[in-house]
Every structure is written in structure tokens, then in C-alpha cells.
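Structural overview for review
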Amino acid sequence: RAFVDWKAAVQSATAVGAWRNGTFNLSGLGAPQRVSGAIVSDSFFSVLAVPATYGRVIDATDVPGGGRVAVLGHGLWERSFNADPAVVGRTIVVSGETVRIVGVMPATFEFPTASELWLSSKFSVPEHSLSPNVDPLGLRPSSYLWAVVRLKPGVTLAAAAAERRA
């Protein structure tokens, strides 16, 4: 099922988020570098309930199509921005696109594994890497996203899995 359809139908969760892994080119900070990370839905960080160390995380205020924003991983922040808390609000160039930094994550946060950069999506669903300028709602049969779910109190993993299969 498409992420938006499943998100609307699921009853066992308090929140559902999605992401698509990616590798991005970060430029304008000296030598260009490749950075692992993810394009995330606006609910991704709220499901995980991990606040930013500086600034904020990507959330519902980051309207798809309203200008992409980024959250930096702690290691990337230390290496490339000299651990400067004033990095929040600055713009950077990620894979040729100018984005605004809204936050820095704690050193203990690295999800998905080895991620150092999280970008908001251009659309209501993280876009497909092969069709980055096409609204992914038209790609409903495609399976390219990962989802993360926060279950309601008392809901078992088995019950949630059964609901997902329905």
C-alpha cells in the first residue's frame, strides 16, 4: 500500500513516519563531500521522539514544496561546521540544491544507520530517487520507502503487523 494510504488507515499507531535512504553531495564548505542520510517525511522525527541538540527537527511546519530544510548529524556538524551552534539558519548546498539548516541532532542519534544528514521532502511523501521531480503519490505501486511507527499504548507488535497486512 502507498505510505499515505497506509498512514491514513492504520489505527494501532499514534504516529507514522517514512524515509528513503540517500547519499548526497555537500558542497560550498571547502572540498565537496559525500554524506549518507535520508529524505524524511514531516512526521519522521516525531515518531522517534528525539529532539535536536540545537535548533529543531523537520516537522509539519516544513511544508512540502515550501523550500527544503536539513538537519545535521552531530559528526557532520563537528567535522564540517566546527561544532558551531550558530549553524542553525544557515544555508548549504546539498546535491545542487540550496537548503536551510534547521537543527543538529545529538551525538547518539544515527538513524537510519550511518546517517549524517536528513532532508525534508519536496512532496508529502519522500520522493523516489529515480523520479525526484515527480510527486510520488503517482508511484503508489512502487516500494522504495521505509516506515517507522509509534504504537498506541497496549497495542502489540503482532496486532500492528496484522493490521498492516489487512
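Everything here concerns the structure above.
Here's what I pulled together on the structure shown here. (Residues numbered from 1 in each chain as written. Predicted model: local features only at pLDDT ≥ 70, side-chain atom pairs only at ≥ 80, totals over all residues. Heavy atoms only, no water.)

1. Structural notes on the overall build of the chain
The following threshold applies: For helices the rule is a DSSP run of H or I covering at least 4 residues; for strands it is a run of E covering at least 2, with both sets numbered from the N terminus onward. Contacts: residue pairs with any heavy atoms within 4.5 Å of one another. To measure how exposed things are, a 1.4 Å probe is used in the Shrake-Rupley method; for residues, cover is taken only from the protein chains shown.
On a plain count of helices and strands, the chain comes out with four helices and eight strands. Listing each helix as α and each strand as β along the chain from the N terminus yields α-β-β-α-β-β-α-β-β-β-β-α. Within the chain, contacts between residues separated by at least 24 positions form 66% of all contacts whose residues are at least 6 apart in sequence. As displayed, the chain has an accessible area near 8300 Å², and 55% of this comes from carbon and sulfur atoms.

2. Overview of unusual backbone geometry
Most peptide bonds take the trans form, and the phi angle of most residues other than glycine is negative. This is how the line gets drawn: Type-normalised accessible area, obtained with a 1.4 Å probe on protein chains alone, sets the label of each residue: buried when under 20%, exposed when over 50%, and partly exposed for intermediate values.
P112 follows F111 through a cis peptide bond whose omega is -10°. Tracing the backbone shows P112 in the loop between β6 (97-104) and β7 (117-120). Positive phi is not limited to glycine here, since N82 has a value of about 55°. Along the chain, N82 falls in the loop between α3 (74-81) and β5 (91-94). Assessed through its relative accessible area of 68%, N82 is described here as exposed.

3. Things to note about the pattern of salt bridges
Short version of the rule: Each reported salt bridge corresponds to a side-chain nitrogen of Lys or Arg within 4 Å of a carboxyl oxygen of Asp or Glu.
Taken as a whole and judged by the stated rule, the model has four salt bridges. E97 is the partner of R68 in a salt bridge, and the nearest nitrogen-oxygen pair spans 3.3 Å. Placement of R68 in the loop between β3 (54-55) and β4 (69-72) and of E97 in strand β6 is noted, with a sequence separation of 29 residues between them. For E97, a relative accessible area of 25% puts it in the partly exposed group. When salt bridges with common partners are traced through the structure, they connect R56, D59 and D62 into a single cluster.

4. Side note on the packing of aromatic side chains
The criterion, for reference: Within 6.5 Å between ring centres, the rings of Phe, Tyr and Trp (the latter by its six-membered ring) count as paired, and their orientation is classed by plane angle as stacked under 30 degrees, edge-to-face over 60, tilted in between.
Using the criterion set out here, one finds nine aromatic pairs in the structure. On the basis of an interplanar angle of 85° and a centroid distance of 5.0 Å, the ring pair of F44 and F45 is categorised as edge-to-face. Accessibility expressed as a relative area gives 0% for F44, which makes it buried. Geometrically, the ring pair formed by F45 and W118 is edge-to-face, given 6.0 Å between the ring centres and 75° between the ring planes. Separated by 73 residues along the polypeptide, F45 in helix α2 (residues 44-48) and W118 in strand β7 bring together distant segments of the chain. With respect to burial, F45 and W118 carry one shared label: buried. Members of the aromatic cluster, joined through ring pairs, are W19, F44, F45, F109, F111, W118 and W146.

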